[in-house]
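Coordinates in review
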Amino acid sequence: MFFETFKSELIISGFLIILFYLIRVIANTLIKKLGRKTGINDARIQLICRYSTVTLFLIWLLLEAFIFGTEAKDLALVFSSVFAVMGIALFAIWSILSNVTSGIIMFFSFPYKVGDKIQIHDKDFPIEAIIEDIRAFQLHLRQDNGDLVTYPNNLILQKAVTLVEKDAIDEGSDAI
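Residues numbered from 1 in each chain as written. Predicted model: local features only at pLDDT ≥ 70, side-chain atom pairs only at ≥ 80, totals over all residues. Heavy atoms only, no water.

Quick notes on the overall build of the protein chain
- The helix and strand inventory of the protein chain stands at six helices and five strands.
- Of the regular secondary structure in the protein chain, the N- to C-terminal order runs α-α-α-α-α-β-β-β-β-α-β.
- Taking 2.2 N^0.38 as the reference for a compact globule, 176 residues should give roughly 16 Å; the C-alpha atoms of the protein chain span a radius of gyration of 22 Å, well beyond that estimate.
- Dimensions of the protein chain, computed from C-alpha atoms along their principal axes, come out at roughly 70 × 35 × 25 Å.
- When each of the 176 residues of the protein chain is scored for burial, the buried share is 30%.
- Of the contacts made within the protein chain by residues no fewer than 6 positions apart, 56% connect residues no fewer than 24 positions apart.
- Total accessible area computed for the protein chain in this model is approximately 11600 Å², and 66% of it derives from carbon and sulfur atoms.
- For the protein chain, the centre of its 16 positive side-chain charges and the centre of its 19 negative side-chain charges are spaced 6 Å apart. (Helix = DSSP H or I, 4+ residues; strand = E, 2+ residues; numbered from the N terminus. Rg over C-alpha atoms; globule rule 2.2 N^0.38 Å. Buried < 20%, exposed > 50% of the residue type's maximum accessible area, 1.4 Å probe, protein only. Contact = heavy atoms within 4.5 Å. Areas by Shrake-Rupley, 256 points an atom, 1.4 Å probe, with all protein chains shown as cover. Lys, Arg positive; Asp, Glu negative; His and termini not counted. Charge placed at Lys NZ, Arg CZ, Asp CG, Glu CD.)

Re the pairing of strand β3 (residues 138-143)
- Of the pairings in the sheet, the one linking strand β2 (residues 127-134) to β3 comprises five bridges and is antiparallel in character. By the bridge assignment for β3, A129 is matched with Q143.
- The antiparallel pairing of β2 with β3 creates a hairpin that spans three residues between the two strands.
- Bridge analysis of β3 against strand β4 (residues 148-152) gives five bridges, and the strand direction is antiparallel. For R142, the partnering residue across the bridge sits in β4 and is L148.
- Adjacent in sequence and paired antiparallel, β3 and β4 are bridged by four residues, among which G146 carries a positive phi angle near 95°. (Pairing = 2+ DSSP bridges.)

Brief notes about the pattern of salt bridges
- Within this structure, the stated rule accounts for seven salt bridges.
- Two residues, K166 and D116, come together in a salt bridge whose shortest N-O distance is 3.2 Å. Placement of K166 in the segment after β5 (160-165) and of D116 in the loop between α5 (94-109) and β1 (117-121) is noted, with a sequence separation of 50 residues between them.
- The salt bridge involving D122 is made with K159; its shortest N-O contact spans 3.6 Å. Here K159 lies in the loop between α6 (153-156) and β5 and D122 lies in the loop between β1 and β2, a separation of 37 residues in the sequence.
- Given a relative accessible area of 28%, K159 falls into the partly exposed group. (Salt bridge = Lys/Arg side-chain N within 4 Å of Asp/Glu carboxyl O.)

Here's the deal with the packing of helix α3 (residues 42-67) against α5
- Packing of α3 against α5 brings their axes to within 11 Å, and their N-to-C directions diverge by 115°. For the crossing formed where α3 meets α5, the hand is left-handed. Touching R44, I45, I48 and Y51 of α3 are V100, G103, I104, M106, F107 and F108, all from α5.
- Counted by class, the contact of α3 with α5 contains eight nonpolar, one polar and one charged residues. (Axes fitted to C-alpha atoms, helices over the stretch in contact; angles between N-to-C directions. Left-handed = near helix turned anticlockwise from the far one by under 90°. Nonpolar A, V, L, I, M, F, W, Y, C, P; charged D, E, K, R; others polar.)

Focus on the nonpolar core
- Membership of the largest hydrophobic core comes to 15 residues, with the highest contact counts inside it found for F110, I118, I120, I131, L139, L141 and I156.
- At the level of elements, β1, β2, β3 and β4 are the ones that each hand at least two residues to this core.
- In terms of residues, this core owes the most to one element, β2, which gives four residues.
- Excluding anything up to four places from it in sequence, L141 contacts I118, I120, I127, A129, I130, I131, E132, D147, L148, V149 and Y151.
- Counting residues in hydrophobic clusters, the runner-up holds six residues, among them I45, I48, C49 and F107. (Core = buried A, V, L, I, M, F, W, Y, C linked by side-chain atoms within 4.5 Å.)

Given below as structure tokens:
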């Protein structure tokens, strides 16, 4: 009975799933090509691929709701309630969100790579270190004395940074 009642909706949903799968494959392929072309770490490439997949999934859910007859006013009520709760929660964790957003921006336009030695021009705490890893929330920087410094992504985009040495990692070093 269910299949007979929603036959056209299920057929459209099937085509939509195939379409979104193809879009996901194409988007992930393009992200991986761009990441490898610019020499970005594979872990960061996978992270951005996950972000794009989640975004596509949320768009798919929205379209599925319309396909099965949900009206815009009903969705507006649900989304306004969800966004009100999320707004309050996200205001409390805005720092984490700004670091994730900065991590995404750094994926596409950060001029420094893992292994580069950089100097961060911070008035209170200047740092000169080698980029050991670039994560979703922070950079891992290894100083000459061996100390590991985690530096938030949102701050690295706000500070002046100088490239001291390209590919500064010693081949025989166990620092990384």
